[in-house]
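Examination of the molecular architecture
One letter stands for each residue in the lines below.
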Amino acid sequence: MVTRTVCIVGNAPSRILARSEPDDVEIWATSLGFRLLPRIDRYFELHADKKLRLNVPPTNDQGYMPWLQAFQGKVFVLEPDSEIPHGVIYPTDAIIERFGHYLTDTIAYMLALAIYEGVTCIKLYGVDMALDEEYANQRPCVLYYLGIAKGAGIEVVLP
C-alpha cells in the first residue's frame, strides 16, 4: 500500500514542529506558514475578498503578496486570481458533493481535500483553535473532518 502523509500547518505555536518533517511528508500551509517554514508544498489562500486577504493579521504586511506571487507550488484559491500565478481552484463542488456543505475555515478546507485525495496520514501542527472568540464556529467543523478521517482509517497525528 502506498502511503501519503500530509502535514497541515496553522498559526498556533506548535506549527514549528512541521520544520522537522522529512521530505516525503507534504507540507500544506496557510497564513503565517509563508514566513516560518523552510519548505511548503501547497499553500491555501482562500480569502476571496482581496481586502480581507491583505488586511487581516498576520498577513497585513508588504511581504505577503510578493511571496505569494513568487511561490512555485500550488496555491489553492476559491476563484481565479490573476495576481496569483500558481493559483489552483479549490474543488469546492466535489468536496461538497462528497462531504456536505460544511466548510467554515481554511483548516477544514485543507482537511477535506486531504481526505478527498486519499491520504493515509494527516498531521496537524499549529491548529489549536483555543480562542473561543475566533474559533467557536470553526472548531466543530475541524472536528467533523477529523472524525471523517479517523472513520476512513486515516491516521491523525496531533501534537
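Described in the following lines is the structure provided in the data block.

Calculation criteria
- Residues numbered from 1 in each chain as written.
- Predicted model: local features only at pLDDT ≥ 70, side-chain atom pairs only at ≥ 80, totals over all residues.
- Heavy atoms only, no water.
- Disulfide = S-S within 2.5 Å.
- Buried < 20%, exposed > 50% of the residue type's maximum accessible area, 1.4 Å probe, protein only.
- Salt bridge = Lys/Arg side-chain N within 4 Å of Asp/Glu carboxyl O.
- Helix = DSSP H or I, 4+ residues; strand = E, 2+ residues; numbered from the N terminus.

**Details of the state of the cysteines**
The tally for this structure, following the rule as stated, stands at 0 disulfides. Distance from the sulfur of Cys7, which forms no disulfide, to the nearest cysteine sulfur (Cys121) is 9.1 Å. You can call Cys121 buried: its relative accessible area is 5%.

**A closer look at the pattern of salt bridges**
As enumerated under the stated definition, the model contains 6 salt bridges in all. For Arg4, the salt bridge is made with Glu117, and the minimal N-O distance between the two is 2.7 Å. Remark: Glu117 occurs in the loop between α5 (106–116) and β6 (121–125) and Arg4 occurs in the segment before β1 (5–9); sequence separation between them is 113 residues. Between Asp23 and Arg39 there is a salt bridge, and its shortest N-O distance comes to 3.8 Å. With Asp23 in the loop between β1 and β2 (25–29) and Arg39 in the loop between α1 (33–36) and β3 (42–44), the pair connects residues that are 16 residues apart, well separated along the chain. A relative accessible area of 70% means that Asp23 is categorised as exposed. When salt bridges that share partners are traced, they join Arg4, Glu26, Arg42 and Glu117 into one network.

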